[in-house]
Amino acid sequence: MIPASFDYSAPNTLEEALKLLQEIGDEAKILAGGHSLIPMMKLRFAEPEHLVDLNNIPGLSEVSMNGDTLTIGAMAREVDVEDSEEVAKVFPIFKDAAKLIADPQVRNFGTLGGNLAHGDAANDQPAVMLALNADLEITGLDGARTVGIDEFFYGFYMTAIQEGEILTKITIPVPSGKVGNAYHKLERKVGDYATAGVAVQLVLDADGTCISAGIGLTNVNATPLRAERSEQALVGTKVDDAAIEAAAQAASEDCNPSSDLRGSEDYKRRVVKTITKRMIAKALERANA
Amino acid sequence: MKKEITLKINGEEVTAEVEPRTLLVHFIREQVSMTGTHIGCDTSSCGACTILINGKSAKSCTILAVQANGKEITTVEGLATADGPHPLQEGFKLAHGLHCGFCTPGMMLRAVELLDKNPDPTEEEIRWGISGNLCRCTGYNNIVKAVQYASAKMRGAELPNTDPVFVE
Ligand SMILES: Cc1cc2nc3c(=O)[nH]c(=O)nc-3n(C[C@H](O)[C@H](O)[C@H](O)COP(=O)(O)OP(=O)(O)OC[C@H]3O[C@@H](n4cnc5c(N)ncnc54)[C@H](O)[C@@H]3O)c2cc1C
Ligand code: FES
Ligand code: FES
């Protein structure tokens, strides 16, 4: 399978890339890791006229823990975050997720920015970013703006990134208090997209009361979904069995899965409930460790 | 419009004109005429097309040839040296890590990076490490043994039993 013809540019600076995007307009497509885009182009689901490759632009791939913020450049590869022991100390959730995202070769290329910008509810990083309350920096010729993760996903394959803009950076607050986070998805085999996936982050105060909770769901809605009622069911509690049951029940009710090859709607709701319970328990264990 | 690219393949510099839509695997097989890199699924799933780009394993059916401009590529043709086969090639031979051999080049290139990052992997790490490479023949056990052999040989450790029918 060979993509339809297109023109290709690989600018060396962000400025140059933004100018190109503006010149070419809506026939341009950004190429990051290419591991969502190129398969779609091979199948001719996407036929952009011009690819603007970001891979030659320096400075877009940093991964750093800086006091109260984790910064991930949009062009950081899945493997860069997966391999960072510094990130794993506070955010083991990234190792949980990486292991379940595709396979090592794909993670060598796929970028965190691309995983979000693709706007696919089946991708795993969106749910993780919802749980961690990420902020996304989007840059255009007029400068950069920051969009909260809750305002980022619009609809099927649609995000807050406008024509001519580039997602440049992801920032994640390091909460104060006891923090625990975890991700799991059910997959039929290695490399499969999620039947359903759940990301959880809990922040506890000194005596174990939950002061904030983030829960994101993968592939059970048209867009990545925040399980708001589940979060509310945990905040203010000691995250006891009753609270966990209530949160998991709410997640299974509030998601909107469709019946497909990966299972029926009813089955997926049950999967969401089970994984939500397990991930809250795991996040709790990590917060108390 | 064609683009000129210059890259190193197995240490040799190659300059060529390619259409932007040319996939790296097609470039390697058809323009450079190295057919050791296979195309299995053509949908980014099987790993038969795995090569190394600047030392990182990559599915060459999911990468454009133009993206390899300025890069160093290693294919199965570049594994052996004048001194003989690569320890992984030896391991695959001794442990019967292949039957039809279709998956083998990709499997070995993936294992090169795996051992580079983790010279002494556990069996579980090897199995996760090659999870992007499918084999329809061997059932994987002897592939794991082949990688364990190469790991031991490259570390100078005691060589494990590579008998293809040996089960611990
Ligand atoms: C076999 C296989 C299995 C996979 N399994 C999983 C899985 O289980 N879970 C999972 O989450 N993902 C999976 N993926 C997808 C993979 O993680 C992709 O790499 C990722 O979704 C997209 O990242 P990319 O850098 O490759 O983006 P690209 O493919 O380069 O781009 C994707 C889209 O985002 C846009 N884009 C990219 N970067 C930017 C930017 N900085 N600013 C603005 N727009 C941008 C592009 O224009 C394009 O529309 C799989 C892929 C393959 C091939
Ligand atoms: S041919 Fe590239 S992954 Fe199968
Ligand atoms: S040896 Fe035949 S596919 Fe692996």
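Residues numbered from 1 in each chain as written. Chains lettered and ligands numbered in written order. Predicted model: local features only at pLDDT ≥ 70, side-chain atom pairs only at ≥ 80, totals over all residues. Heavy atoms only, no water.

Glancing now at the sheet that holds strand S2 (residues 12-18) of chain B. Residue and element names in this part refer to chain B. Taken together, the five strands give an open sheet; going across it, the order is S2-S1-S5-S3-S4, and neighbouring strands pair in mixed fashion. Two strands close off the open sheet at either side, each with one partner strand: S2 and strand S4 (56-59). Between one strand axis and the next, the sheet turns by 40 degrees as a mean value, whatever way the strands run. Summarising the sheet, strand S3 (residues 50-53) and strand S5 (residues 72-74) pair through two bridges and their orientation is antiparallel. Paired with Leu-52 across the strands is Thr-74, a residue of S5. Along the sheet face, helix H1 (residues 24-31) touches strand S1 (3-9), S2, S3 and S5 and points at about 110 degrees away from the line of S2. Of the strands in this sheet, S3, S4 and S5 touch helix H3 (residues 104-117), which is tilted by about 35 degrees from S3. (Pairing = 2+ DSSP bridges. Helix = DSSP H or I, 4+ residues; strand = E, 2+ residues; numbered from the N terminus. Axes fitted to C-alpha atoms, helices over the stretch in contact; angles between N-to-C directions. Contact = heavy atoms within 4.5 Å.)

Taken together, 31 residues lie near ligand 1, and Ile-30, Gly-34, Leu-37, Thr-111 and Asp-124 of chain A sit nearest. Chains contributing residues to the immediate surroundings of ligand 1 are chains A and B. Interatomic distance of 2.9 Å between a side-chain N/O atom of Asn-123 of chain A and an oxygen atom of ligand 1. Residues of the shell around ligand 1, tallied by class, amount to 15 nonpolar, 12 polar and four charged. (Near = heavy atom within 4 Å. Polar contact = N/O pair within 3.5 Å; in protein donor to acceptor, adjacent residues only side chain to side chain. Nonpolar A, V, L, I, M, F, W, Y, C, P; charged D, E, K, R; others polar.)

What follows deals with the confidence of the model for chain B. Should pLDDT be low for a region, the predicted coordinates there are not to be read in detail. Scored by pLDDT, chain B has a mean of 96; 99% of the residues are at 70 or more. Here the predicted complex scores 0.96 on pTM and 0.96 on ipTM. (pLDDT = per-residue confidence, 0-100.)

Here the focus is the pairing of S4 of chain B. Note on strand geometry: in a regular strand, side chains alternate between the two faces of the sheet. All names here are of chain B. Sheet topology note: the S3/S4 ladder contains four bridges and is antiparallel. Each bridged residue has a counterpart across the sheet, and for Thr-50 the counterpart in S4 is Lys-59. Hairpin connection from S3 to S4: two residues lie between these consecutive antiparallel strands, with Asn-54 at a positive phi of about 45 degrees.

A cluster of nonpolar side chains, contributed by Met-1, Leu-43 and Phe-45 of chain A, occupies part of the molecular surface with about 320 Å² of accessible area. Counting through the fold element by element, Leu-43 of chain A comes out in the loop between helix H2 (37-42) and strand S3 (50-53). (Patch = residues over 30% accessible without salt bridge, like charges linked within 9 Å, V, L, I, M, F, W, Y side chains within 5 Å. Areas by Shrake-Rupley, 256 points an atom, 1.4 Å probe, with all protein chains shown as cover. Salt bridge = Lys/Arg side-chain N within 4 Å of Asp/Glu carboxyl O.)

Residues and elements named next belong to chain B. In the contact formed by helix H2 (residues 87-94) and helix H5 (residues 141-155), the axes pass within 8 Å of each other and the chain directions differ by 140 degrees. Judged on the interaxial angle alone, H5 and H2 are oblique. As for how H2 packs across H5, the hand of that crossing is right-handed. Listed contacts from H5 to Pro-87, Leu-88, Glu-90, Gly-91, Phe-92 and Leu-94 of H2 are Ile-143, Ala-146, Val-147, Tyr-149, Ala-150, Lys-153 and Met-154. For the contact of H2 with H5, the class distribution of residues is 10 nonpolar, one polar and two charged. (Parallel < 35°, antiparallel > 145°, perpendicular 65-115°, else oblique. Left-handed = near helix turned anticlockwise from the far one by under 90°.)

What follows deals with the packing of H2 of chain B against H3 of chain B. Residue and element names in this part refer to chain B. Between H2 and H3, the least distance of the axes is 10 Å, while the angle of their chain directions is 125 degrees. In terms of their interaxial angle, H2 and H3 are classed as oblique. Judged by the twist between their axes, the crossing of H2 over H3 is right-handed. Together, Leu-88, Gln-89 and Phe-92 of H2 and Thr-104, Met-107, Met-108, Ala-111, Val-112 and Leu-115 of H3 make up the contact between the two elements. Split by residue class, the contact of H2 with H3 holds seven nonpolar, two polar and no charged.

Further remarks concern the domain arrangement of chain B. All names here are of chain B. Segmenting chain B into domains produces domain 1 (3-78) and domain 2 (87-155). For domain 1 versus domain 2, the distance between C-alpha centres works out to 21 Å. Listed by partner, the interface residues are 18 residues for domain 1 and 13 residues for domain 2. In terms of surface lost to domain 2, no three residues of domain 1 exceed His-38, Thr-50 and Val-76, which account for 36% of the buried area on that side. For the interface between domain 1 and domain 2, the tally reads zero salt bridges. Our count for the domain 1 to domain 2 interface comes out at six residue pairs in polar contact (both at pLDDT 80 or more). Residues that form the side of domain 1 that touches domain 2 fall into these classes: six nonpolar, 10 polar and two charged. (Domains from an automatic or database assignment. Buried area = accessible area lost by both parts, 1.4 Å probe.)

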